[in-house]
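# Residue-level structure breakdown
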Amino acid sequence: MAATAPATAATPAVAPAPRRRPTRRAGIFGVGAALPGKVVTNDDLAQRLDTSDEWIVRRTGIRTRHWLDGDEQLAPLAAEACRRALADAGREPDEVDRIIVTTITPDRLTPGLAPTVAGLIGCPTSVVTADLNAACAGFLVALDEAAGAVESGRSDVVLVCAAEALTRITDRDDRSTAVLFGDGAAAVVVAGGDLEGGIGRFVHGTDPSMADALYVGIEERLLRMEGQTVYRHAVARMVEATAASLAASGLTIDDIDLFVAHQANARIIQTAAAELGMPDEKVMIDVDRCANTSSATIPLALERAQREGRLAPGATIALAALGAGFVWSAGVVRWKERAHVCA
Ligand code: ACO
């Protein structure tokens, strides 16, 4: 057996603890939103449909929604949301190397919104741009993709923008859907650093057997759904996925500061929150203001939560969504965590 060398000044008897190797993790560092100027109230809708403010508020929690007017386009709205998110993060457009726009209602079938947004905000031509369609779960799926790009080192600064014009696919004569939807855009800036939480593990799911419960046909181009089926699955899948994402992160409900779920119906969100044991004061409701804007509801709600002082830097947020597919997703995010830049 080799003799142990005596301790000297050069070889201390007790070795110092190894320095923690910085791990590059992705986090959210800025948020911005842009809504069309036209506001439509429940009473406005009741003037042309057999409905009432009382029914809509009681069954959905919706009070107003924003609609694009006439031939207003979505890309300028998305670009404005991106500019505001960059300003909030203290970043410049020339730092952005990837833009993912989630949408089911682009201005044209192709090109998608992302290349137009890159041009409007002045990104370098080397930027990667792509649209992503995962319906109402789109923002969470894109956030996960952005985190993967940053953590693998393939991107440094990613804009994830959700931009939707549900009015383009809404049957305005069908009271069971016409009251539910709105238009809007919101974006976050995803970048890397030596973070403890950042964008945590996401739990995803897909059930193609439910495709006919919520869809827009290629010919008709109007949203059709079995409302109660969607309702039941939204509650069940969001609860399961949120619980699984908390477990994967080693967290409990007590660790969560805010629950931001897809804003389709206040009753869906409140039922899911109650099943999770989430107290009311931790539940974000924005469907009252914007109605259902598909993939844009979660970042719109995040922007409002920050503006209203409900999201301080370092807050831990649980996110969950289900939409057409069915596709669902849930995850935990540490909001604007202080980052030590990784080499
Ligand atoms: N005003 C007045 N009455 C109405 C309206 C309305 N706007 N809409 C439906 N009703 C009536 C129905 O005709 C029905 O009348 P009946 O009993 O005489 O037949 C009654 O209200 C109840 O209808 P339900 O469909 O049972 O109402 P419910 O409480 O389920 O609410 C709703 C309907 C709001 C659609 C609900 O099922 C829901 O929110 N589902 C989930 C929707 C969703 O998340 N969709 C996914 C969105 S798609 C996307 O995000 C892109």
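Keep in mind that what you see is a predicted model, and the values were worked out from it rather than measured.

### Concerning the packing of aromatic side chains
The full count for this structure, using the stated rule, is 0 aromatic pairs. One Lys or Arg, arginine 172, reaches over the ring of tryptophan 67 and ends 4.4 Å from the middle of that ring. The lysine or arginine in question, arginine 237, covers the ring of tryptophan 328, its NZ or CZ lying 5.9 Å from the ring centre.

### With respect to the pattern of salt bridges
Applying the stated rule across the entire model yields 19 salt bridges. A salt bridge links arginine 304 to glutamate 308, with the shortest nitrogen-to-oxygen separation between them at 3.1 Å. A relative accessible area of 13% means that arginine 304 is categorised as buried. On the accessibility criterion, glutamate 308 (45% relative accessible area) is partly exposed. Each of Asp286, Asp288, Arg289, Arg304 and Glu308 takes part in one network of salt bridges that share partners.

### Overview of the site of the ligand
Lining the immediate environment of the ligand, one finds 25 residues, of which Thr51, Arg59, Cys136, Gln228 and Asn265 sit closest. At 2.7 Å from an oxygen atom of the ligand is found a side-chain nitrogen or oxygen belonging to asparagine 265. In the environment of the ligand, an oxygen atom lies 2.7 Å from a nitrogen or oxygen atom belonging to the side chain of asparagine 292. Those elements giving two or more residues to the shell around the ligand turn out to be helix H2 (53–60), helix H6 (175–178), strand S10 (223–225), helix H7 (227–248) and helix H8 (266–276). In terms of residues, the shell around the ligand owes the most to one element, H7, which gives 4 residues. Considered class by class, the residues forming the shell around the ligand number 12 nonpolar, 9 polar and 4 charged. When we break the shell around the ligand down by domain, the ones giving at least three residues each are domain 1 (25–193) and domain 2 (199–334).

### So, the domain arrangement of the protein
You can read the domains of the protein as domain 1 (25–193) and domain 2 (199–334). Here domain 1 and domain 2 have C-alpha centroids that lie 16 Å from each other. In this complex, domain 1 contributes 53 residues to the contact, which on the side of domain 2 involves 42 residues. Regarding the contact of domain 1 and domain 2, the summed buried area is about 3600 Å², with carbon and sulfur atoms giving 66% of it.

### With respect to the nonpolar core
For soluble globular proteins, the rule of thumb is that nonpolar side chains tend to be buried together. Counting residues in hydrophobic clusters, the biggest one holds 45 residues, and the most contacted among them are Phe259, Met278 and Phe326. When contributions to this core are tallied by element, the ones reaching two or more residues are H7, strand S11 (258–261), H8, strand S12 (316–323) and strand S13 (327–334). Among the elements that line this core, the one with the most residues is H7, at 7 residues. Counting the residues that make up this core, at least three belong to each of domain 1 (25–193) and domain 2 (199–334). Contacts of phenylalanine 326, omitting those with residues within four sequence positions, involve Gly205, Thr206, Asp207, Met210, Ala213, Leu214, Val230 and His233. With 42 residues, the next largest nonpolar core counts Ala26, Val141, Ala146 and Ala186 among its residues.

### A short note on the sheet that holds strand S6 (residues 157–165)
With mixed pairing, the 5 strands of this open sheet are ordered in space as S1-S7-S6-S4-S5. A strand with exactly one partner marks an edge of an open sheet, and here the two such strands are strand S1 (24–34) and strand S5 (128–132). Geometrically, the sheet is characterised by an average inter-axis angle of 20° between neighbouring strands, direction not taken into account. One ladder, built from 9 bridges, connects S6 with strand S7 (residues 183–194); its direction is antiparallel. Across the sheet, valine 158 pairs through a bridge with valine 190, a residue of S7. Packing against the sheet, helix H4 (residues 113–121) makes contact with strand S4 (98–102), S5 and S6, and its axis sits at approximately 135° to S5. Across the sheet, helix H10 (residues 297–307) lies against S1, S6 and S7, angled at about 85° from S1, the strand it touches most.

Thresholds, definitions, all that
- Residues numbered from 1 in each chain as written.
- Predicted model: local features only at pLDDT ≥ 70, side-chain atom pairs only at ≥ 80, totals over all residues.
- Heavy atoms only, no water.
- Phe/Tyr/Trp six-rings, centres within 6.5 Å; stacked < 30°, edge-to-face > 60°.
- Lys NZ or Arg CZ within 6 Å of the ring centre and 35° of its normal.
- Salt bridge = Lys/Arg side-chain N within 4 Å of Asp/Glu carboxyl O.
- Buried < 20%, exposed > 50% of the residue type's maximum accessible area, 1.4 Å probe, protein only.
- Near = heavy atom within 4 Å.
- Polar contact = N/O pair within 3.5 Å; in protein donor to acceptor, adjacent residues only side chain to side chain.
- Helix = DSSP H or I, 4+ residues; strand = E, 2+ residues; numbered from the N terminus.
- Nonpolar A, V, L, I, M, F, W, Y, C, P; charged D, E, K, R; others polar.
- Domains from an automatic or database assignment.
- Contact = heavy atoms within 4.5 Å.
- Buried area = accessible area lost by both parts, 1.4 Å probe.
- Core = buried A, V, L, I, M, F, W, Y, C linked by side-chain atoms within 4.5 Å.
- Pairing = 2+ DSSP bridges.
- Axes fitted to C-alpha atoms, helices over the stretch in contact; angles between N-to-C directions.

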